[in-house]
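Here's the letter readout for the chains.
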Amino acid sequence: MGSGIVGIYGFSKLWKMARFVYYALLALQHRGQETCGIVTYDGKGGLYSHKAGGLVDQVFSQPETLENLRGWVGIGCVTTVAEKDPSLIQPAIVEGPVRTALCFDGKILNLKSLRGKVSPLEPRSEAELLALIFSQKLEGGLHPVEAASQLMGEVKGVYSLVALTERGEMVAVRDPHGVKPLAIGSFGFDYGVVASESCVIDVIGADFKSDVQPGEIYYFDEYSIERRQAVKPKPKYCAFEHVYLARPDSIVNEVPIYNTRISIGEILAEEHLAENADLVLGVPETAIPFAVAYAQKAGKPFGLGFVQTGRRIRSAIKPTQFERLVGVQLKLNPIKSAISGRRIVLVDDSVVRGTTTKNTVNLMRNKMGAREVHVRVGSPRIVTPCPYGTEVPEKDELIAAHLSPGEVSKVVGADSFHWLSIKGLVKALGIPRKNLCLGCFTGKYPIPFKDEK
Ligand code: SF4
C-alpha cells in the first residue's frame with residue numbers, strides 16, 4: 001500500500017499534538033487520498049484515535065474531533081487504499097501485550113512466515129501484523145529499540161513505519177533498503193518529528209535534520225531520544241519517488257526533489273528536442289518544473305496551458321476507471337487562448353495507461369485548436385508493476401509495456417512522443433545506479449520477492 005506517515009513527540013505535556021499531526025497529514029495528502037487517521041497519547045487514557053475514509057480536511061472537519069485527540073504525542077497516516085471496514089484503516093491499533101498503534105508505508109514480503117510468529121492471533125492487515133510482532137517483543141521487558149531491531153531482522157520487505165505504545169513510547173524504523181522515504185526533524189528541544197517527506201517538517205514549523213538512514217531506528221520517550229543504526233544500509237531508493245511521488249519542496253535521500261525535476265527537464269530537452277515547436281506547456285502539477293527547465297534548455301517560451309478545477313487529485317492513483325475519468329476532467333481545463341494555433345510541446349510527468357494523455361492531446365488539438373502537439377514525458381517508460389507497495393497498475397494496463405513510442409504517439413494522437421531515458425533519469429537523480437530501485441522502468445527488481453498471502 002502507498003501511504004504517507006508521520007509521528008510527532010512533544011517533550012512538554014502542554015503540547016496538543018493532534019493539530020500538528022493534522023497539518024502534517026495535509027502536507028502528505030498527495031501520498032494517499034483514500035483514508036487517513038490519527039492516534040494520540042496523553043499519559044492518562046492510553047491511546048485516542050480517529051480514522052475514516054476520505055481526505056484529511058473532510059475526516060477532521062469538526063473542531064471537536066481534534067480536541068478529543070488529547071495528548072502531546074501523535075502519529076498519523078494517509079493511504080491510497082479504500083477500506084470498507086474503518087477498523088482496518090491505519091494507524092492500526094492492536095490489543096497485544098502492550099497496546100500499540102502503528103502506521104507504515106510499504107509492502108511486507110514474507111507475510112506467511114511472519115503470521116506464524118503471532119499465531120493463533122490473526123492480524124487482518126500488514127500494519128496489524130507489524131504492530132503485533134512489535135508489541136509481543138515488548139512483553140518480556142525488551143527495550144523498544146531492541147524490539148524494533150529484532151523486528152527489522154525478521155521482517156523481509158520494504159517499509160518505513162512509526163509506532164506508538166500505550167506507555168508513550170514512539171519508534172520510527174526505515175528498512176535497510178530505504179526504498180520508502182523517511183525524514184527526521186525537530187523543534188529545538190520541544191519536539192521531535194519523523195515523516196515520509198521533509199516538506200511536512202517545514203510545514204509544521206520544525207527544522208529538517210536529515211533522512212532516517214536505511215536500517216536506522218529512532219526512539220522517543222518522555223526523557224530521551226535514541227538513535228540506532230540497527231542494520232547496515234543497503235540502499236535501493238525508489239526512483240519513482242523522485243520523479244513523481246514526492247512533493248517538489250521535499251528533500252528525499254539527500255536530494256532536493258525540485259533540483260532533480262529541473263535536471264530531468266533539461267535532459268529531456270537534450271534527448272528529445274521538438275525543434276519546430278513554439279511553446280512549452282507542463283501538465284500540472286508535477287510536470288511544471290520539467291516543463292520550465294525543458295523550455296529554458298530548448299530556448300523556447302514556457303506558457304501556462306491549464307487551470308485546475310477542484311481538489312488536486314492524482315488521477316493515476318485513483319482506484320476506478322470512473323474516478324480516473326472524473327479526476328482527469330477536474331484536473332485540467334486547457335486555456336484556449338494560450339494553445340490555439342500553436343505548435344505545443346506538452347511535458348508530462350509520467351504516462352501510465354495513456355488515458356489522461358490521450359484526453360489531453362485530444363482536447364488541445366480538437367477543442368483548443370493546437371496546430372501540433374509533441375508529448376515529452378519526464379519519466380522513463382513504465383513497463384511493469386511495483387511489488388513494493390506503490391500503486392502502479394498491472395502490466396496489461398501499462399501502455400509502455402506493449403507499444404513503442406511511435407505506436408503510443410498514434411494511440412494518444414500526438415505528432416511525436418518520447419520518454420526520458422533510464423540513463424537520463426539516473427543522471428538527473430545524481431544517485432549511483434546500484435543504490436536505486438528502477439524496477440517499474442526496467443522489470444528488474446533489486447529486492448527478491450514472491451507474493452505471499
Ligand atoms: S518498482 Fe518502481 S515504484 Fe516500485 S520501488 Fe521500484 S522504482 Fe519505486
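Residues numbered from 1 in each chain as written. Predicted model: local features only at pLDDT ≥ 70, side-chain atom pairs only at ≥ 80, totals over all residues.

A. Quick look at the overall build of the chain. Secondary structure summary: the chain contains 17 helices and 24 strands in total. The C-alpha radius of gyration of the chain comes to 22 Å, within 12% of the 22 Å expected for a compact globule of 453 residues. Expressed as lengths along the three principal axes of its C-alpha atoms, the size of the chain is roughly 70 × 45 × 40 Å. By residue count, 55% of the 453 residues in the chain fall in the buried class. Sequence separation of 24 or more characterises 70% of the internal contacts of the chain that already satisfy a separation of 6 or more. (Helix = DSSP H or I, 4+ residues; strand = E, 2+ residues; numbered from the N terminus. Rg over C-alpha atoms; globule rule 2.2 N^0.38 Å. Buried ≥ 20, exposed ≤ 12 C-beta atoms within 10 Å, placed from the backbone. Contact = placed C-beta atoms within 7 Å.)

B. Up close: the site of the ligand. Near the ligand, the surroundings consist of Val179, Cys238, Ala239, Phe240, Cys386, Tyr388, Thr390, Val392, Cys437, Leu438, Gly439 and Cys440. Among the elements of the structure, helix H8 (239-245) and helix H17 (439-442) are those that each provide at least two residues to the shell around the ligand. For the shell around the ligand, the class distribution of residues is ten nonpolar, two polar and no charged. (Near = placed C-beta within 6 Å. Nonpolar A, V, L, I, M, F, W, Y, C, P; charged D, E, K, R; others polar.)

C. Up close: the packing of helix H9 (residues 257-271) against helix H16 (residues 422-429). With their axes 8 Å apart at the nearest point, H9 and H16 run at an angle of 145 degrees to one another. For the element pair H9 and H16, the recorded crossing hand is right-handed. Residues Thr260, Ser263, Ile264, Ile267 and Glu271 of H9 lie in contact with H16, whose contacting residues are Gly424, Leu425, Lys427, Ala428 and Leu429. (Axes fitted to C-alpha atoms, helices over the stretch in contact; angles between N-to-C directions. Left-handed = near helix turned anticlockwise from the far one by under 90°.)

D. Molecular detail of the domain arrangement of the chain. In terms of domain boundaries, the chain breaks down into domain 1 (3-235) and domain 2 (252-442). Relative to domain 2, the C-alpha centre of domain 1 lies at a distance of 33 Å. With 13 residues of domain 1 at the contact, the number on the domain 2 side is 13 residues. In terms of residue count, strand E6 (residues 100-108) provides more of the side of domain 1 that touches domain 2 than any other element does, three residues in total. Here the side of domain 1 that touches domain 2 is composed, by residue class, of five nonpolar, four polar and four charged. (Domains from an automatic or database assignment.)

E. Highlighting the sheet that holds strand E8 (residues 170-174). Strand order in this open sheet of six strands is E5-E6-E7-E8-E12-E13, and the pairing throughout is antiparallel. Two strands bound the open sheet, and with one partner strand each, they are strand E5 (92-94) and strand E13 (225-229). Neighbouring strand axes in the sheet, compared pairwise and without regard to direction, differ in orientation by 20 degrees on average. Here five bridges tie strand E12 (residues 216-220) to E13, and the two strands are oriented antiparallel to one another. For Ile217, the partnering residue across the bridge sits in E13 and is Arg228. Lying on the sheet, helix H5 (residues 126-139) is in contact with E5, E6 and strand E7 (157-165); it crosses E6 at an angle near 125 degrees. (Pairing = 2+ DSSP bridges.)

F. Layout of the sheet that holds strand E11 (residues 207-211). A sheet is described by the order of its strands in space; here seven strands give the open sequence E3-E2-E4-E1-E10-E9-E11, paired in antiparallel fashion. Each end of this open sheet is capped by a strand with a single partner; those strands are strand E3 (47-53) and E11. Pairwise comparison of adjacent strand axes, ignoring direction, gives a mean angle of 15 degrees for this sheet. Summarising the sheet, strand E1 (residues 3-10) and strand E10 (residues 191-195) pair through five bridges and their orientation is antiparallel. Bridging from a neighbouring strand, Tyr9 pairs with Gly192 of E10.

G. Region of the structure containing helix H6 (residues 144-154). Residues of H6 that are buried include every one of Pro144, Ala147, Ala148, Leu151 and Met152, and no others. For H6, the angular spread of buried residues about the axis comes to 140 degrees, placing them on one side. At its buried positions, H6 is contacted by H5, E8 and E12. (Arc of directions from axis to C-beta.)

H. A look at the nonpolar core. Counting residues in each nonpolar core, the largest one holds 149 residues, and the members touching the most others are Val6, Ala24, Leu102 and Tyr294. Counting only domains with at least three residues in this core, you end up with domain 1 (3-235) and domain 2 (252-442). Contact partners of Leu102, with chain neighbours within four places excluded, come to Pro91, Ala92, Ala127, Leu130, Ala131, Phe134, Leu161 and Ala163. (Core = buried A, V, L, I, M, F, W, Y, C linked by C-beta atoms within 7 Å.)

I. Examining the pairing of E7 more closely. Counting buried positions along E7 yields nine of nine residues, so the element is predominantly enclosed. Covered by surrounding structure in E7 are Gly157, Tyr159, Leu161, Ala163 and Thr165 together with Val158, Ser160, Val162 and Leu164, the residues of both alternating faces. The sheet contact formed by E6 and E7 spans nine bridges and is antiparallel. Pairing of Asp105 across the sheet is with Ser160, part of E7. The sheet contact formed by E7 and E8 spans five bridges and is antiparallel. Bridged to Leu161 within E8 is Val173.

J. Examining unusual backbone geometry more closely. A cis amide bond, omega 0 degrees, links Gln90 with the succeeding residue Pro91. Structurally, Pro91 can be placed in the loop between strand E4 (73-79) and E5. In the segment running from Ser119 into Pro120, the intervening peptide bond is cis, with an omega of 10 degrees. One non-glycine residue, Asn253, lies in the positive phi region at around 55 degrees. With 23 C-beta atoms packed within 10 Å, Asn253 lands in the buried category. You will see that Glu254, though not glycine, has its phi angle at about 65 degrees, which is positive.

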